[in-house]
Amino acid sequence: MLLPRTYRLRLVVYITVLLVFLVAVLAFSYHASRALILQEAENNISRVAQQIEGQLGYDARDSRARAKMIRDNVPLTEYLFIAAALDTDAAAVRDLYKRQFGWLPADRVVLLIKNGKAMLGSEHADLIQALRARRAPKKPLEQQFYFYGKNGLELVSVVPVDYRSQYLGVVAITTVISDEWMKTTRQISNGHLIMAKDGKIILTTLGNERMGLAFKPESNVLRTGNEEYLVRQIQAAGADPGLPSLWFALSEAELTERINRQRNQMLALATAGGVGILLIGFLMLRNFSAPLERLVAVTREVSEGRFPDFRETENRDEVGYLWNQFVSMVRRLRDKQEEINKVHKQLEQL
C-alpha cells in the first residue's frame, strides 16, 4: 500500500480508515443484535407455548380431581344406585347434586349410567352422544379427551362410578377453552391465541374481524392482512387430529419495532462517533499542520539566505520543542551572519 507523501494526507487516510472501522463494527453489532432479538423471539414463543401446554395440563388434572370428587360422594352414588335400579326419575339425583356440588366450578356435568341414560345433564345432548359413542361394554377406565361441541372446544374428564364394587356408570366434567379463557391467557402471555378448524380461524384474541379468515401458517409464520405473526401450535394432550387446533401467536410488528429501535440507536452511535472522529481529526490537523506549515515556511526562508526574526512558542509538545530549537538555531545563524557581514565590511575598508 502506497501512503501519501504528506503527513496531512496520511492523517486524513488514517481518520478515514478509523471511520470505516467504526461503521463496520456498528454494522456488525446491529446484525448481531438483530439476530439475537429474532432468536430471543423464537425461544420466547416456544417457551410460552410450553407454558400454555402446562396450563392445559394443570386444568386437566384439576378437572379430573373434580370428577373424582363427585364420584366419591357417598350420598350421590347411593341415590344414583337407587335411581338406576328402580329406573326412576333422576330428579332426586339432580337435586342432591345441586345441594352437594352447586358451588363446584364446571362448565358442563353429565352423569350417565351404564344403560346410556343421563341422570344428570340431560340437556347436553351433544356431549351425551359423544360419551355414548365412547361407552365400553365393560367398566371403562378413567379417561380425558377433547371434544368440539356446541360450546366450542372442551376438555372432557370421565371417571367411572361404582357402588359397593358394582359399576353404575360414568361422571363427565368439561372445561371449555372459551373466549374468556383465551383472553385471560393472552394477558399472561403477552401474545395472542388462535383456534383454527378446517383452515379457518374460529376463535382468536386478534379481534372479531379476523374470525373466519384463512389460517395457513407457513414455516411457523402466519400472514393475515398486512400483518405477520410468529405462531406455534399448542400440543394439547389427547387432542384428536380432527378437532380444532390451538396456536400461540406473537406479532412481528413488535419485533420490527424493537429491531428499528436498535437500528436507530446504532445510527445515533455511528453519527456521534463519526462526528467525534471528524472533530478530533480536524483538531489534530489544525494543531499539527499549522506549526509544521510555519516551520516549513521559515525553513524555506533560511534556505534562501534570509534569517527572519520570530519568537519561541510556549507549547511544550514535540512540535513546540522542535520550533524552539529551530528558533535558537536561526538566531545563532543570524548572529554568525551579522559577524560575517561586520568582518566583511572591515576587510573592505582595509
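What counts and how
Residues numbered from 1 in each chain as written. Predicted model: local features only at pLDDT ≥ 70, side-chain atom pairs only at ≥ 80, totals over all residues. Heavy atoms only, no water. Patch = residues over 30% accessible without salt bridge, like charges linked within 9 Å, V, L, I, M, F, W, Y side chains within 5 Å. Areas by Shrake-Rupley, 256 points an atom, 1.4 Å probe, with all protein chains shown as cover. Salt bridge = Lys/Arg side-chain N within 4 Å of Asp/Glu carboxyl O. Helix = DSSP H or I, 4+ residues; strand = E, 2+ residues; numbered from the N terminus. Buried < 20%, exposed > 50% of the residue type's maximum accessible area, 1.4 Å probe, protein only. Core = buried A, V, L, I, M, F, W, Y, C linked by side-chain atoms within 4.5 Å. Contact = heavy atoms within 4.5 Å. Phe/Tyr/Trp six-rings, centres within 6.5 Å; stacked < 30°, edge-to-face > 60°. Pairing = 2+ DSSP bridges. Axes fitted to C-alpha atoms, helices over the stretch in contact; angles between N-to-C directions.

Q: Explanation requested: a nonpolar patch on the surface in the structure shown.
A: A cluster of nonpolar side chains, namely Leu-18, Phe-21 and Val-25, defines an oily patch on the protein surface of about 280 Å² accessible area. Here Phe-21 shows up in helix 1 (residues 7-71). Phe-21 sits in the exposed class, given a relative accessible area of 54%.

Q: Would you take a moment to explain the nonpolar core for this structure?
A: Across soluble globular proteins, you tend to see nonpolar side chains buried next to one another. Counting 23 residues, the largest nonpolar core has Ile-177, Trp-181 and Met-182 as the members making the most contacts within it. For this core, the secondary structure elements donating two or more residues are helix 1, strand 4 (152-163), helix 5 (179-189), strand 6 (192-197), strand 9 (227-234) and strand 10 (245-251). When neighbours within four sequence positions are excluded, Trp-181 is seen to be in contact with Ile-52, Leu-56, Asp-59, Val-176, Leu-193 and Leu-246. Core analysis: the next-biggest nonpolar cluster, separate from the first, contains 22 residues, Ala-67, Ile-70, Phe-101 and Met-119 among them.

Q: Is there a simple way to explain the packing of aromatic side chains in this structure?
A: The geometry of two aromatic rings is summed up by the distance between their centres and the angle between their planes. One pass over the structure, following the stated rule, counts three aromatic pairs. Relative to Phe-101, the ring of Tyr-97 has its centre 5.8 Å away and its plane inclined at 35°; by these criteria the two rings are tilted. Within this pair, Tyr-97 and its partner Phe-101 are both found in helix 3 (residues 91-101), separated by four residues, close to a single helical turn. Of the two residues, Tyr-97 and Phe-101, both sit in the buried class.

Q: In this structure, what is going on with the sheet that holds strand 10? I would like to understand it.
A: The strands that make up a sheet are held in pairs by hydrogen bonds between backbone atoms, and each pair lies either parallel or antiparallel. Taking strand neighbours across the sheet as the criterion, the five strands line up as 7-6-10-9-8 in an open arrangement whose pairing is antiparallel. In this open sheet, the two edge strands, each paired with only one partner strand, are strand 7 (200-204) and strand 8 (221-224). When the angles between neighbouring strand axes are averaged without regard to direction, this sheet yields 40°. Alignment of strand 8 against strand 9, held across four bridges, turns out to be antiparallel. Bridge pairing in strand 9 places Leu-222 opposite Tyr-229. Contacts between helix 5 and the sheet are confined to strand 6, strand 7 and strand 10, with strand 6 contributing the most and set at about 140° to the helix.

Q: Just to check I follow, could you spell out the pairing of strand 9 for this structure?
A: Sheet faces and side chains relate simply in a regular strand, where the side chains alternate between the two faces. Connecting strand 8 to the next strand, strand 9, in antiparallel fashion are two residues, including Gly-225 with a positive phi near 70°. Summarising the sheet, strand 9 and strand 10 pair through six bridges and their orientation is antiparallel. Counterpart to Gln-233 in the pairing with strand 10 is Trp-247.

Q: What is the right way to look at the pattern of salt bridges in this model?
A: Close approach of charged atoms allows side chains of opposite charge to pair. Going through the model one piece at a time under the given rule, you end up with ten salt bridges. Between Lys-68 and Glu-142 there is a salt bridge, with the nearest N and O atoms lying 3.5 Å from each other. One end of the pair, Lys-68, is in helix 1; the other, Glu-142, is in the loop between helix 4 (125-133) and strand 3 (143-149), with 74 residues separating them in the sequence. Given a relative accessible area of 28%, Lys-68 falls into the partly exposed group. For Glu-142, a relative accessible area of 33% translates into the label partly exposed. Here Arg-71 and Asp-72 are joined by a salt bridge, their closest N and O atoms 3.1 Å apart. Using a relative accessible area of 52% as the deciding quantity, one classes Asp-72 as exposed. Three or more residues joined by partner-sharing salt bridges are found here, namely Lys-68, Arg-71, Asp-72 and Glu-142.

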